[in-house]
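What follows is the residue order along each chain.
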Amino acid sequence: MIRTVESEHHVPAPVLAAYSYCETVTAQQARNFAYGIRLLPAAKRRAMSALYAFSRRVDDIGDGTLAPEVKTARLEETRAVLARVRGGGVAEDDTDPVAVALGHAADHFPIPLDGLDELIDGVLMDVRGETYETWDDLKVYCRCVAGAIGRLSLGVFGTEAGAHGADRAPEYADTLGLALQLTNILRDVREDAEGGRTYLPADDLAKFGCSAGFAGPVPPPGSDFAGLVHFEVRRARALFAEGYRLLPLLDRRSGACVAAMAGIYRRLLDRIEREPEAVLRGRVSLPGREKAYVAVRGLSGLDARHAARGTVRRRVR
């Protein structure tokens, strides 16, 4: 069983201020993520905000307009901050609120901080402009930038006492991260192309006549863009199905958080499947009311119960 600290301890004022900063960053920039963590108890919500704020810092360096060598230097500076957090070298009154909050969270939850090193490694792959020939190649990147986040989050969530199969929880969290990242890649295919990035595997692009890329609002001439999207959607759905086996292993509110975040992305995937070319015209998103509905559905435990029934069926077979 992965344990977490559930009871509220006295949190010093400087640390609360650091957490408040992280929660503000999360509320302003997280969008889909924020809908899920609202469902958590205060201590877990603060810890997740600290993880998000640090991850946001890493992503912002990678997505910025700095020269590659400057980005690389900034990312290594961020890795040095992480090393200070890991070594307990961040004081409560440190001038870096994200480091203060992350250090406090890591002291109170078994967060595998090496996952943030993996995130930095993944963003360095972006800085180097790496492309991916096969799905196996792309999985390495996705595990760094998303699977690692799933495993980090599991350190905050913990698993329920006596949950059958809890030893596989990190594997499921990792797989769910891959599902979310592949959905992101499909959603952002035009935006990434405009930024000079291609994530979908080259062999998939070739198979569907899309090797020319996605520089405009219409598919490449003669391509089967819808076929490509539907192929990747099926892959993402299989990842979701496997990753959802995490839900029955979590307590109710942690499960609701995960179900809300994953549910939003699954609905995005539904929209992309219905109208594949929409991703070439702009970012596909869900209205706030639909996100709120997904959050309520997650809190009801419906997705967790469905996942549990699916797990039982697989064991019986």
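Above this text you will find the structure in question.
The model shown is predicted, which means the values in this text are computed figures rather than measured ones.

Rules and cut-offs
Residues numbered from 1 in each chain as written. Predicted model: local features only at pLDDT ≥ 70, side-chain atom pairs only at ≥ 80, totals over all residues. Heavy atoms only, no water. Helix = DSSP H or I, 4+ residues; strand = E, 2+ residues; numbered from the N terminus. Rg over C-alpha atoms; globule rule 2.2 N^0.38 Å. Contact = heavy atoms within 4.5 Å. Areas by Shrake-Rupley, 256 points an atom, 1.4 Å probe, with all protein chains shown as cover. Lys, Arg positive; Asp, Glu negative; His and termini not counted. Charge placed at Lys NZ, Arg CZ, Asp CG, Glu CD. Phe/Tyr/Trp six-rings, centres within 6.5 Å; stacked < 30°, edge-to-face > 60°. Buried < 20%, exposed > 50% of the residue type's maximum accessible area, 1.4 Å probe, protein only. Lys NZ or Arg CZ within 6 Å of the ring centre and 35° of its normal. 1 Å grid on protein atoms, 1.4 Å probe; cavity = no way out; pocket = protein on both sides within 12 Å on 5 of 7 lines; lining within 4 Å. Points joined across faces, edges and corners; volume = space filled by probe spheres on them. Nonpolar A, V, L, I, M, F, W, Y, C, P; charged D, E, K, R; others polar. Salt bridge = Lys/Arg side-chain N within 4 Å of Asp/Glu carboxyl O. Expected span 1.5 Å × (residues − 1). Arc of directions from axis to C-beta. Axes fitted to C-alpha atoms, helices over the stretch in contact; angles between N-to-C directions. Parallel < 35°, antiparallel > 145°, perpendicular 65-115°, else oblique. Left-handed = near helix turned anticlockwise from the far one by under 90°. Polar contact = N/O pair within 3.5 Å; in protein donor to acceptor, adjacent residues only side chain to side chain.

A.B. asks: Explain the overall build of the protein chain to me, using residue names and the numbers behind them.
C.D. replies: Counting its secondary structure elements, the protein chain contains 15 helices and zero strands. In summary, the protein chain has a C-alpha radius of gyration of 20 Å against a globular reference of 20 Å for 317 residues, a match within 12%. Its C-alpha atoms give the protein chain principal-axis dimensions of roughly 65 × 55 × 35 Å. Across the protein chain, contacts joining residues at least 24 apart in sequence account for 73% of those joining residues at least 6 apart. Accessible surface, the protein chain as shown: approximately 14300 Å² in total, 52% of it carbon and sulfur. Taking the average location of the 43 positive side-chain charges in the protein chain and that of its 43 negative ones, the two points are 8 Å from each other.

A.B. asks: Run through the environment of Arg245, naming residues and quoting values.
C.D. replies: Summarising the element assignment, Arg245 is placed in the loop between helix H11 (225–243) and helix H12 (252–274). Remark: the alpha-carbon pair of Arg245 and Leu176, spanning 69 residues in sequence, is separated by 9.1 Å.

A.B. asks: A description of the packing of aromatic side chains should follow, citing residues and the corresponding values.
C.D. replies: The description of an aromatic ring pair rests on the distance of the ring centres and on the angle between the ring planes. Going through the model one piece at a time under the given rule, you end up with five aromatic pairs. Relative to Tyr141, the ring of Tyr132 has its centre 5.6 Å away and its plane inclined at 35°; by these criteria the two rings are tilted. The residues Tyr132 and Tyr141 share a single accessibility class, namely buried. An aromatic cluster of at least three residues, connected via ring pairs, comprises Tyr132, Tyr141 and Tyr199. Across the ring face of Tyr19, the terminal group of Arg46 is positioned such that the distance to the ring centre comes to 5.5 Å.

A.B. asks: Quick one: what's the story with empty space enclosed by the protein, residue by residue and with numbers?
C.D. replies: One simple way to see leftover space: roll a probe sized like a water molecule over the atoms. In this structure the tally under the stated criterion is three cavities of 30 Å³ or more. In this structure, the second largest cavity encloses a volume near 70 Å³. Every residue lining the second largest cavity is listed: Ile185, Val189, Asp192, Ala193, Arg197, Thr198, Tyr199, Leu200 and Phe214. In the lining of the second largest cavity, the residues fall into six nonpolar, one polar and two charged.

A.B. asks: Help me get a handle on the pattern of salt bridges, residues and values and all.
C.D. replies: As enumerated under the stated definition, the model contains 29 salt bridges in all. The salt bridge involving Asp114 is made with Arg86; its shortest N-O contact spans 3.3 Å. Highlighted residues: Asp114 in helix H6 (residues 114–127) and Arg86 in helix H4 (residues 68–86), separated in sequence by 28 residues. Between Arg283 and Asp188 there is a salt bridge, with the nearest N and O atoms lying 3.3 Å from each other. Taken as a pair, Arg283 in the loop between helix H13 (278–281) and helix H14 (288–300) and Asp188 in the loop between helix H8 (169–187) and helix H9 (189–194) lie far apart in primary sequence, 95 residues in all.

A.B. asks: Could you give an account of H4, naming the residues involved and the relevant values?
C.D. replies: Given a rise of 1.5 Å per residue, 19 residues ought to cover 27 Å, and the 27 Å separating the end C-alpha atoms of H4 matches this to within 8%. All of the buried residues in H4 are Lys71, Leu75, Thr78, Arg79, Val81, Leu82 and Val85. Buried residues along H4 cover an arc of 155° about the axis, so they all sit on one side. Elements in contact with the buried residues of H4: helix H3 (42–63), helix H5 (97–108) and H6. Positive backbone phi, approximately 70°, marks Gly88, located one or two places after H4.

A.B. asks: An account of the environment of Ala179 is requested, with residue identities and associated values reported.
C.D. replies: Tracing the backbone through its elements, the reader meets Ala179 in helix H8. Residue contacts for Ala179: discarding those within four places in its chain leaves Ala236, Leu239 and Phe240.

A.B. asks: Go over the environment of Thr183, please, and point to the residues and values.
C.D. replies: Position of Thr183 relative to the elements: it lies in helix H8. Assessed through its relative accessible area of 0%, Thr183 is described here as buried. In contact with Thr183, other than residues within four places in its own chain, are Ala236, Phe240, Tyr265, Leu268, Leu269 and Ile272.

A.B. asks: Would you mind going over the packing of helix H7 (residues 135–157) against H8 in detail, with residue names and values included?
C.D. replies: One can describe the packing of H7 onto H8 by two numbers: an axis separation of 7 Å at closest approach and a directional angle of 120°. By the angle class used here, H7 and H8 are oblique. The handedness of the crossing between H7 and H8 is right-handed. Looking at side-chain class alone, the contact of H7 with H8 contains 14 nonpolar, four polar and four charged residues.

A.B. asks: Could you give an account of the side chain of Glu232, with specific residues and numbers?
C.D. replies: Examined against the element boundaries, Glu232 turns out to sit in helix H11. The exposure class of Glu232 is buried, given its relative accessible area of 0%. Here the side chain of Glu232 touches Arg235 through a polar contact of 3.0 Å, side chain to side chain. The contact partners of Glu232, leaving out residues within four places of it in the chain, are Leu182, Leu186, Leu200, Pro201 and Asp204.

A.B. asks: Before we move on, could you go through the side chain of Thr26 and cite the residues and values that matter?
C.D. replies: The topology assignment puts Thr26 in helix H1 (residues 13–29). Polar contacts involving the side chain of Thr26 include one to the main-chain carbonyl oxygen of Cys22, which spans 2.8 Å. If near-sequence neighbours (up to four positions away) are discounted, Thr26 is found in contact with Arg31, Phe33, Ala34, Ile37, Ser49 and Tyr52.

None of this, on its own, says anything about what the molecule does.
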